[in-house]
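A closer look at the structure
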Amino acid sequence: MAAASKSLLKYNDPVLVNKNINKSLKVHFLPSPPPAKEKSAHTKDRHQHILNTIFPLRQWTEGNDLWMQQVSSAASTREDVIKLGELLDTELQQRRAREKGICPIRRELYSQCFDELIRQETINCPERGLLLFLIRDEIQMNIAAHKTLYESGIAFGLRETLRAEQGKADTEKRISDLEEENEELKKQLAEKRAKYDTAEKRVIGRQQLEEKRHNDEIQALKRTIQQLKDQIKAILALKE
């Protein structure tokens, strides 16, 4: 872990826990203080223990050195609270946090500010600090749950979008195939219609020829009949 980052939560000065950790992996924490003889010292140790429970120690390495930093147990004044609000506004501006909507930077800074308020209340009243700690964890769990639901919703939406796109692609391909099939059927229909027209013209021509031949035969028969009638009339006229 790199050097501890800046935070609105107040910490004590970093303490060198172990020098050259590559040579020894044992962590030598600061020796426990002797049993307190005064009530104020016992109360301070109790507050520090509760604070360390709420806010775990921060540890990081610089080179081969291991450093540790714990939350401060120093009491805060009204001026400290005012300064905290001003520092929060400064950090929001410097880090360009959004004023509205979802903003991880704004959420992080307000979370750090809330942690500092929990620290201050824990020193004044440990029970109130622990209660605020439980409230903070409940809020964080709800936020994490909503984030999970949001991410699941986004993932579901992406899957549905991809599925819809795939369905759209399949539909477009189906339309393209049907259009090609339709064009092929139109081509076949045009060919068959051309063959039908040719056959129809051929049949009509044949019928016309048959009708003409039939009419010619009828006309020839009529002429023959008329000639026979004329011959009969001529024969009858000679007999008279």
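If you look the chain up in an unreviewed UniProt entry, it shows as Axonemal dynein light intermediate polypeptide 1 from Takifugu bimaculatus. In UniProt, the chain has this text filed under Sequence similarities (unreviewed entry): "Belongs to the inner dynein arm light chain family." For the chain, the Function (unreviewed entry) comment in UniProt is given as "Involved in sperm flagellum assembly."

1. So, a nonpolar patch on the surface
A cluster of nonpolar residues, Leu131, Leu134, Ile135, Ile139 and Ile143, forms a patch on the protein surface that exposes about 430 Å² of accessible area. The residue Leu131 is located in helix H4 (residues 126-239) in this model.

2. Description of the pattern of salt bridges
What the rule picks out here adds up to 12 salt bridges. For the salt bridge of Lys6 with Glu91, the shortest nitrogen-to-oxygen distance reads 3.0 Å. Here Glu91 lies in helix H2 (residues 78-94) and Lys6 lies in the segment before strand S1 (15-18), a separation of 85 residues in the sequence. A relative accessible area of 61% places Lys6 in the exposed class. Glu91 gets classed as buried once you look at its relative accessible area, which sits at 9%. Residue Glu127 is joined to Arg46 by a salt bridge in which the shortest nitrogen-to-oxygen separation is 3.7 Å. Here Glu127, found in helix H4, pairs with Arg46, found in helix H1 (residues 39-54); they are 81 residues apart in sequence, far enough to count as distant. When salt bridges that share partners are traced, they join Asp115, Arg136 and Asp137 into one network.

Thresholds applied
Residues numbered from 1 in each chain as written. Predicted model: local features only at pLDDT ≥ 70, side-chain atom pairs only at ≥ 80, totals over all residues. Heavy atoms only, no water. UniProt positions renumbered as here; feature names shortened; annotations may be inferred. Patch = residues over 30% accessible without salt bridge, like charges linked within 9 Å, V, L, I, M, F, W, Y side chains within 5 Å. Areas by Shrake-Rupley, 256 points an atom, 1.4 Å probe, with all protein chains shown as cover. Salt bridge = Lys/Arg side-chain N within 4 Å of Asp/Glu carboxyl O. Helix = DSSP H or I, 4+ residues; strand = E, 2+ residues; numbered from the N terminus. Buried < 20%, exposed > 50% of the residue type's maximum accessible area, 1.4 Å probe, protein only.

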